[in-house]
Amino acid sequence: MIDEDEAKTIPVTVTFLEMHVPPAYYPPLPVNKQIALLRARSVPLHFYRYLIDRVGRKWQWVNALRLDDEELAAGLHREDRDVRVLYLDGAPAGFFDIKPHLPDEVELAYFGMMEHALGQGIGRWFLGAAIEAAWSYKPKHVSVQTCTMDHPAALPLYQKLGFSPVGQKQELVRTMTFAERSASVMRP
């Protein structure tokens with residue numbers, strides 16, 4: 001875990017993945033779980049920041065948290081933006097964010113679950129639901145990226161569900177201090 005009292009710059013390897021045909025089947029909904037997946041239309045900025053923070057805090061998802069309200073709203077409130085929130089036992093448990101606005105590509109921009117949802121046997125189904133939603137836009141391919149700071153199961157799970165690596169690059173991630181993160185998530 002990274003010390004949140006001091007911002008750090010961390011080198012990461014980003015892996016870019018693509019899928020060029022929809023999967024032959026999608027993982028089934030887990031049984032004996034109270035699950036809902038709802039599309040968030042015109043998602044409030046504070047709720048989106050909450051989702052980014054709760055899902056991505058451990059993995060240093062900081063880019064969206066650094067955007068001011070106008071920048072975040074410009075991308076998030078596009079008519080074609082598709083944000084869906086996973087609920088487990090009535091509480092938010094994860095989300096995915098699809099950007100279908102490129103001519104031939106749909107990007108799975110964010111995908112993840114909160115700590116309390118991990119290990120519940122729903123991740124495979126949830127990623128399948130994200131992939132199915134992405135393909136509903138009829139692109140030529142679906143893309144996603146992950147990095148060495150993401151959950152260790154992310155890259156293997158993407159590959160198991162049909163994504164193939166198409167490239168890598170080195171980047172630097174500047175972490176946020178607890179105070180910076182709080183200021184972003186708790187904006188008035």
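Preceding block: the structure.
Residues numbered from 1 in each chain as written. Predicted model: local features only at pLDDT ≥ 70, side-chain atom pairs only at ≥ 80, totals over all residues. Heavy atoms only, no water.

Novice: Any chance you could explain the overall build of the chain here in plain terms?
Specialist: The secondary structure content of the chain amounts to five helices and seven strands. When the elements of the chain are put in sequence order from the N terminus, they spell out β-β-α-α-β-β-β-α-β-α-β-α. For the chain, whose C-alpha radius of gyration is 16 Å, the value lies close to the compact-globule estimate of 16 Å for 188 residues. Per-residue burial over the chain gives 46% buried out of 188 residues. Pairs at least 24 residues apart make up 75% of the contacts formed inside the chain by residues separated by at least 6 positions. Working note: accessible area of the chain is about 10000 Å², and carbon and sulfur atoms make up 54% of it. (Helix = DSSP H or I, 4+ residues; strand = E, 2+ residues; numbered from the N terminus. Rg over C-alpha atoms; globule rule 2.2 N^0.38 Å. Buried < 20%, exposed > 50% of the residue type's maximum accessible area, 1.4 Å probe, protein only. Contact = heavy atoms within 4.5 Å. Areas by Shrake-Rupley, 256 points an atom, 1.4 Å probe, with all protein chains shown as cover.)

Novice: Hey, could you run me through the layout of surface pockets in this one?
Specialist: Which parts of space are left empty comes out when a probe the size of a water molecule is rolled across the atoms. By volume, the largest pocket amounts to about 1200 Å³. Contributing to the lining of the largest pocket are 50 residues, with W61, Y110, F111, Q145 and D150 lying nearest its centre. Listing elements by their share of the lining of the largest pocket, those giving two or more residues are β1 (9–19), α1 (45–56), α2 (69–76), β5 (105–113), α3 (123–135), β6 (141–147), α4 (154–160) and β7 (164–174). With seven residues, β5 is the single largest residue contributor to the lining of the largest pocket. (1 Å grid on protein atoms, 1.4 Å probe; cavity = no way out; pocket = protein on both sides within 12 Å on 5 of 7 lines; lining within 4 Å. Points joined across faces, edges and corners; volume = space filled by probe spheres on them.)

Novice: Sorry if this is basic, but what is going on with the packing of α1 against α2 here?
Specialist: Relative orientation and spacing of two packed helices are given, respectively, by the angle between their axes and the distance between those axes. At a closest axis distance of 11 Å, the pairing of α1 and α2 adopts a crossing angle of 90°. When the axis of α1 is compared with that of α2, the two are roughly perpendicular. Where α1 abuts α2, its residues L45, Y48 and R49 lie against D69, L72, A73 and L76. For the contact of α1 with α2, the residue count by class is five nonpolar, no polar and two charged. (Axes fitted to C-alpha atoms, helices over the stretch in contact; angles between N-to-C directions. Parallel < 35°, antiparallel > 145°, perpendicular 65-115°, else oblique. Nonpolar A, V, L, I, M, F, W, Y, C, P; charged D, E, K, R; others polar.)

Novice: Help me understand the sheet that holds β7 in this model?
Specialist: Strands pair in a sheet through their backbones, by hydrogen bonds, and they do so in one of two ways: parallel or antiparallel. Strand order across the open sheet formed by seven strands is β2-β3-β4-β5-β6-β1-β7, with mixed pairing between neighbours. Every interior strand has two partners, whereas the edge strands, β2 (35–39) and β7, have only one. Each adjacent strand pair in this sheet contributes to an overall mean axis angle of 25°, direction not counted. Judged from the six bridges that link them, β1 and β6 form a sheet pairing that is antiparallel. The partner of L17 across the bridge, within β6, is V144. The strands that α1 touches are β3 (82–88), β4 (91–99) and β5; relative to β4, the one it contacts most, it runs at about 105°. (Pairing = 2+ DSSP bridges.)

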